[in-house]
Amino acid sequence: MAITLPQLPYADNALEPHYSAKTIGFHYGKHHKTYVDNLNKLIAGTPLDDKPIQEIVLAAAGDSSRVGMFNNSAQVWNHTFFWSCMKPGGGGKPQGALAGKIDQAFGGCEKFAEQFKAAAVGRFGSGWAWLVAEGGVLKIVSTANADTPLASKQTALLTVDVWEHAYYLDYQNRRPDFVQAFLDHLVNWDFVAANLAKAK
Ligand code: MN3
């Protein structure tokens, strides 16, 4: 069994009141865990069963015989990444080199926030909004369902999960309010800056 559910980087109630322990209980404890369990069934006894999660995602991406493996592995990777994109007392403004790159790409962090929110709110149905680096340039993209920038050779810097399971218990149908709270109170800019430092 190669893939395990990673530990959350904080206590399940640490993001309250913006993201409740109840939501974490279902989102991490049920949804994320189910992707891990499903993936382990799909890779058992195959050459991928001792491979790291990134390798499984890339091996399954674009392979029509491995759609289930792609969906479950990408969701495992996306969720693990998403938990680190938040921290207690997060939000505020990016600093240093990251702030410079954001200014360059979007014309300031307020403009970035507007465009990121528009991508998250405008994603029809289930999916994700991302800040990515590609060829040294920052971009905002959104992906449907399990799709991930990892499969598009983009370096993920930040993501927000906009599947209904990510926000419905706390925000019901108000996805824009969830994304605003994510930006104002939850984003872990130190994690984003560390991802940028590793980007090619
Ligand atoms: Mn989710």
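All figures in this text were calculated on a predicted structure; none of them were measured in a lab.

Caption draft 1: Spotlight on the overall build of the chain. Check the secondary structure of the chain and you find eight helices and three strands. A globule of 200 residues ought to have a C-alpha radius of gyration of about 16 Å, and the chain, at 16 Å, matches this closely. Summarising its shape, the C-alpha atoms of the chain cover approximately 50 × 40 × 30 Å along the three principal directions. Split into buried and exposed, the 200 residues of the chain put 46% on the buried side. Counting only contacts in the chain whose residues sit at least 6 apart along the sequence, the fraction spanning at least 24 positions is 69%. As displayed, the chain has an accessible area near 9,400 Å², and 53% of this comes from carbon and sulfur atoms. When the 18 positive and 18 negative side-chain charges of the chain are each reduced to one mean point, those points stand 2 Å apart.

Caption draft 2: Region of interest: the packing of aromatic side chains. Per the counting criterion, the structure on display carries 18 aromatic pairs. Ring geometry for Trp77 versus Phe81: centroids 5.1 Å apart, planes at 15 degrees, classification stacked. You can see Trp77 and its partner Phe81 sitting in helix α3 (residues 67-84), four residues apart, about one turn around the helix.

Caption draft 3: Highlighting the layout of surface pockets. Taken as a whole, the largest pocket spans an internal volume of roughly 420 Å³. Elements that contribute at least two residues to the lining of the largest pocket include exactly α3, β1 (127-134), β3 (155-161) and α8 (189-198). Counting residues per element, the lining of the largest pocket draws most heavily on α3, at four residues. In terms of residue class, the lining of the largest pocket is built from seven nonpolar, six polar and four charged. The residue makeup of the lining of the largest pocket includes at least three contributed by each of domain 1 (21-84) and domain 2 (96-198).

Caption draft 4: View of unusual backbone geometry. Here Glu16 and Pro17 are connected by a cis peptide whose omega angle stands at 5 degrees. Mapping Pro17 onto the fold places it in the segment before α1 (21-43). In this structure, Asn145 is a non-glycine residue whose phi angle is positive, near 55 degrees. As for its placement among the helices and strands, Asn145 is situated in the loop between β2 (137-144) and β3. You can call Asn145 partly exposed: its relative accessible area is 42%.

Caption draft 5: Focus on the domain arrangement of the chain. One can read the domain layout of the chain as domain 1 (21-84) and domain 2 (96-198). Taking only C-alpha atoms, the centre of domain 1 and the centre of domain 2 are 20 Å apart. Listed per partner, the contact involves 20 residues of domain 1 and 25 residues of domain 2. Summing both partners gives a buried area of about 1,800 Å² for domain 1 against domain 2, and 73% of it is carried by carbon and sulfur. Joining domain 1 to domain 2, the criterion identifies zero salt bridges. Our count for the domain 1 to domain 2 interface comes out at nine residue pairs in polar contact (both at pLDDT 80 or more). The set of elements that each furnish at least two residues to the side of domain 1 that touches domain 2 consists of α1, α2 (53-60) and α3. Among the elements that make up the side of domain 1 that touches domain 2, the one with the highest residue count is α3 (ten residues).

Caption draft 6: The arrangement of the coordination of the manganese ion in detail. The protein atoms that coordinate the manganese ion are His27 (NE2), His79 (NE2), Asp161 (OD) and His165 (NE2), at distances of 1.9 to 2.1 Å. Taken in sequence order, the residues that donate to the manganese ion follow the motif H-x51-H-x81-D-x3-H. With His79 in helix α3 and Asp161 in strand β3, the pair connects residues that are 82 residues apart, well separated along the chain. Look at His79 and you get buried, because its relative accessible area is 0%. What makes Asp161 buried here is its relative accessible area of 0%.

Conventions we followed
- Residues numbered from 1 in each chain as written.
- Predicted model: local features only at pLDDT ≥ 70, side-chain atom pairs only at ≥ 80, totals over all residues.
- Heavy atoms only, no water.
- Helix = DSSP H or I, 4+ residues; strand = E, 2+ residues; numbered from the N terminus.
- Rg over C-alpha atoms; globule rule 2.2 N^0.38 Å.
- Buried < 20%, exposed > 50% of the residue type's maximum accessible area, 1.4 Å probe, protein only.
- Contact = heavy atoms within 4.5 Å.
- Areas by Shrake-Rupley, 256 points an atom, 1.4 Å probe, with all protein chains shown as cover.
- Lys, Arg positive; Asp, Glu negative; His and termini not counted.
- Charge placed at Lys NZ, Arg CZ, Asp CG, Glu CD.
- Phe/Tyr/Trp six-rings, centres within 6.5 Å; stacked < 30°, edge-to-face > 60°.
- 1 Å grid on protein atoms, 1.4 Å probe; cavity = no way out; pocket = protein on both sides within 12 Å on 5 of 7 lines; lining within 4 Å.
- Points joined across faces, edges and corners; volume = space filled by probe spheres on them.
- Nonpolar A, V, L, I, M, F, W, Y, C, P; charged D, E, K, R; others polar.
- Domains from an automatic or database assignment.
- Buried area = accessible area lost by both parts, 1.4 Å probe.
- Salt bridge = Lys/Arg side-chain N within 4 Å of Asp/Glu carboxyl O.
- Polar contact = N/O pair within 3.5 Å; in protein donor to acceptor, adjacent residues only side chain to side chain.
- Donors = N, O, S within 2.8 Å, 3.2 Å for Na, K, Ca; no water.

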